[in-house]
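What follows is each chain in one-letter form.
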Amino acid sequence: MKTLIANGTIVTAERTYRGDILVDGEKIADIADSFPGAVAGRVIDATGMLLMPGGIDVHTHLDMPFGGTTSSDNFETGTRAAAFGGTTTLVDFAIQPKGTKMRDALDTWWKKADGRATIDYGLHMIVTDLGEAGLEDMDSLVDEGVASFKLFMAYPGVLMVDDATIFKAMKRTAKNGALICMHAENGGVIDVIVQQALAEGKTAPIYHAMTRPTTAEAEAVHRAIALSEMAGTPVYIVHLSSEDALNQVREARDRGVPVFAETCPQYLLLSVEELARPNFEGAKYVFTPPLREKHNLPKLWEGLKHDHLQVVSTDHCPFCFADQKALGKDNFTKIPNGGPGVENRLQLIHHHGVNEGRIGLNRFVELVSTTPAKIFGLYPRKGAIAIGSDADIVVWDPNADHLISAQTHHMRVDYSMFEGFRVKGNARIVISRGETIVENGSFHGRAGRGAYLRRTARGGAWK
Ligand code: URP
Ligand code: ZN
Ligand code: ZN
């Protein structure tokens, strides 16, 4: 069945223009000034609407065991919430438990997603252990479409790997074309500061932030870039949170080093004061890296504007306040690290970025859809409004008034980090591979319709 999306304004990373989109099955079949109405069985009148490629969130943690519990959204609830906010593709993180094969972890994550995902998804692999066969394992994962690996320079004893492991993994990606995603914080130093704070009886949520200085992030970003230069391969810094860390990325990019970095709405819109909220409510904002002092926020927005930062993802890793964050009531190190956000990314970046004049509409699309698709091997199947691309289209109402609240959101978590934020602009219709899955606030998709995406190594597009 064909669908005509008529009378809308198409917005891509490159340009904004009046055009009608003809969808045939799962693909965009044609784009023109106008088509005769009879060309399609269904016509969507998009007068006053923007037509954008579906959002791509390349940093989520669904159904992930972490911090003594499991993130509260699974592949069904998390992908449904994503769809409500105009995101039609996720790239989630599978974890290799220490001492096991990455291939087994991939099977585990496929099982988690199978029968549940409502939108298309890819997987990164978190490498905790290279062991004997880890490097060959990486190659076979690339063959399965896992074109990126996350390494941790933080969380000693849990996820952290040493520089030698990082360097070996990077040298492997220099050959197999995959991308190393780096959680860049100096975990060893942070651990010393944390132990000192606990010994002084400092157990409240605010000490999560006080014990993770921006210098520990900047040092690790610097080291990650240096290791990637020595290995001769690009590196992608995840959830960059501070001006100090940004300066390292900018300096390297100015030298022509292929380093890419993402930030997240929480680092652009919230600051460290949130962790000092009374009644343990600061725990709602305990994630890593932590929220920073206010002066960092405009620097990150400028980084997005000037392409020192290339992607906005969410690091969606929800834990319920009542029974999960509470694990750390007497000790901030026991608070599960992570926060919810997969549903609100486009709303927040459109409102605070585009409406408030920090970035243009085309840059918005580039940051939330097109560049993530390019960097992570999905382009031009995803991230584009183009003939032959998947018909993942968001009919975006730039004037829709929306109040963000846990009362109305679709994420399976009992609070919102952005409670009470009022935004203008929201997804009215969300189309995934030609199927309308969200329309006027109702969900029409179904669990299991989302497909696993085999991603291409080297993405075809190191910018
Ligand atoms: O606190 C966070 N960010 N939790 C998720 C794991 C990670 O480091 O990305
Ligand atoms: Zn991380
Ligand atoms: Zn994360």
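Structure report, in brief. (Residues numbered from 1 in each chain as written. Chains lettered and ligands numbered in written order. Predicted model: local features only at pLDDT ≥ 70, side-chain atom pairs only at ≥ 80, totals over all residues. Heavy atoms only, no water.)

**Details of the coordination of the zinc ion (ligand 2)**
The expected angle between donors at a tetrahedral four-coordinate metal is 109.5 degrees. At an octahedral six-coordinate metal it is 90 or 180 degrees. Each protein donor to the zinc ion (ligand 2) is listed here as Lys-150 (NZ), His-183 (ND1) and His-239 (NE2); together their distances run 2.1 to 2.3 Å. Metal-to-metal, the separation of the zinc ion (ligand 2) and the zinc ion (ligand 3) is 3.9 Å. Of the two residues, His-183 is situated in strand S14 (residues 179-183) and His-239 in the loop between strand S15 (235-237) and helix H8 (243-254); the sequence distance between them amounts to 56 residues. On the basis of relative accessible area, His-183 is assigned to the buried category, the value being 1%. On the basis of relative accessible area, His-239 is assigned to the buried category, the value being 1%. (Donors = N, O, S within 2.8 Å, 3.2 Å for Na, K, Ca; no water. Helix = DSSP H or I, 4+ residues; strand = E, 2+ residues; numbered from the N terminus. Buried < 20%, exposed > 50% of the residue type's maximum accessible area, 1.4 Å probe, protein only.)

**So, the coordination of the zinc ion (ligand 3)**
Ligation of the zinc ion (ligand 3) by protein atoms is provided by His-59 (NE2), His-61 (NE2) and Asp-315 (OD), these donors lying 1.9 to 2.1 Å from the ion. Each donor residue of the zinc ion (ligand 3) belongs to the same chain, with the gaps between them written as H-x1-H-x253-D.

**Focus on the sheet that holds strand S1 (residues 2-6)**
If you trace the four strands from one edge of the open sheet to the other, you get S5-S4-S1-S6, paired in mixed fashion. Whereas interior strands pair on both sides, the edge strands pair on one side only; in this sheet they are strand S5 (27-32) and strand S6 (42-45). Between one strand and the next, the sheet's axes are offset by a mean angle of 20°, whatever the strand orientation. Note: S1 against strand S4 (residues 20-24), four bridges, orientation antiparallel. Paired with Ile-5 across the bridge in S4 is Ile-21. (Pairing = 2+ DSSP bridges. Axes fitted to C-alpha atoms, helices over the stretch in contact; angles between N-to-C directions.)

**Quick word on the pattern of salt bridges**
Evaluation of the coordinates by the stated rule reveals 33 salt bridges. With its nearest N and O atoms 2.7 Å apart, the salt bridge here joins Arg-433 to Asp-120. Of the two residues, Arg-433 sits in the loop between strand S19 (422-432) and strand S20 (435-439) while Asp-120 sits in strand S12 (residues 120-126), which places them 313 residues apart along the sequence. For Arg-277, the salt bridge goes to Glu-274, with nearest N and O atoms at 2.9 Å. Note on Arg-277: relative accessible area 37%, which makes it partly exposed. In the salt-bridge network here, residues are joined through shared partners; they are Glu-26, Lys-27, Asp-120, Arg-381, Lys-382, Asp-390, Asp-392 and Arg-433. (Salt bridge = Lys/Arg side-chain N within 4 Å of Asp/Glu carboxyl O.)

**A few points about the site of ligand 1**
Around ligand 1, the surrounding shell holds 14 residues, and the nearest of these are Lys-150, His-183, Thr-288, Asp-315 and Asn-337. Between ligand 1 and His-61, the relevant distance is 3.2 Å, taken from an oxygen atom to a side-chain nitrogen or oxygen of the residue. In this structure, Lys-150 approaches ligand 1 through a side-chain N or O atom, which is 2.9 Å from an oxygen atom. Surface burial for ligand 1 is 99%, taken as the share of its 270 Å² of free accessible area covered by protein chains. (Near = heavy atom within 4 Å. Polar contact = N/O pair within 3.5 Å; in protein donor to acceptor, adjacent residues only side chain to side chain. Areas by Shrake-Rupley, 256 points an atom, 1.4 Å probe, with all protein chains shown as cover.)

**Regarding helix H1 (residues 75-84)**
Most of H1 is tucked away, with eight of its ten residues classed as buried. Inspection of H1 places Phe-75, Thr-77, Gly-78, Thr-79, Ala-81, Ala-82, Ala-83 and Phe-84 among the buried residues, and these make up the whole buried set. Each element contacted by the buried residues of H1 is listed here: strand S11 (87-95), helix H2 (102-113), S12, S19, S20 and strand S21 (442-443). Here H1 starts with a cap whose side-chain oxygen sits 2.8 Å from the backbone nitrogen of Glu-76, and that cap is Asn-74. Positive backbone phi, approximately 95°, marks Gly-86, located one or two places after H1. (Contact = heavy atoms within 4.5 Å.)

**Quick notes on the packing of aromatic side chains**
Within this structure, the stated rule accounts for eleven aromatic pairs. Summarising the aromatic geometry, the rings of Phe-84 and Phe-443 are spaced 5.9 Å apart at their centres and angled 35° between planes, so their arrangement reads as tilted. With Phe-84 in helix H1 and Phe-443 in strand S21, this residue pair connects regions lying 359 residues apart in the sequence. For Phe-443, a relative accessible area of 24% translates into the label partly exposed. (Phe/Tyr/Trp six-rings, centres within 6.5 Å; stacked < 30°, edge-to-face > 60°.)

**With respect to the pairing of S5**
Across five bridges, S4 lies against S5 in antiparallel orientation. Looking at S5, one finds that Ile-21 is bridged to Ile-31. Hairpin connection of S4 to S5: two residues between the antiparallel strands, including Gly-25 at a positive phi of 65°.

**Structural notes on the pairing of strand S16 (residues 259-263)**
The buried count for S16 comes to five of five residues, which makes it a mostly enclosed element. The alternating pattern of S16 places Val-259, Ala-261 and Thr-263 and Phe-260 and Glu-262 on opposite faces, both of which are buried. Examined bridge by bridge, S15 and S16 share three bridges and lie parallel to one another. From the neighbouring strand, Ile-237 faces S16, where its bridge partner is Ala-261. The β-α-β motif built from S15, the intervening H8 and the parallel element S16 has right-handed crossover chirality. Strand direction decides the pairing type here: S16 and strand S17 (residues 311-312), joined by two bridges, are parallel. Its bridge partner being in S17, Thr-263 is matched across the sheet by Val-312. (Right-handed = clockwise from strand over helix to strand, strands pointing away.)

Limitation: the analysis is restricted to geometry and does not speak to function.
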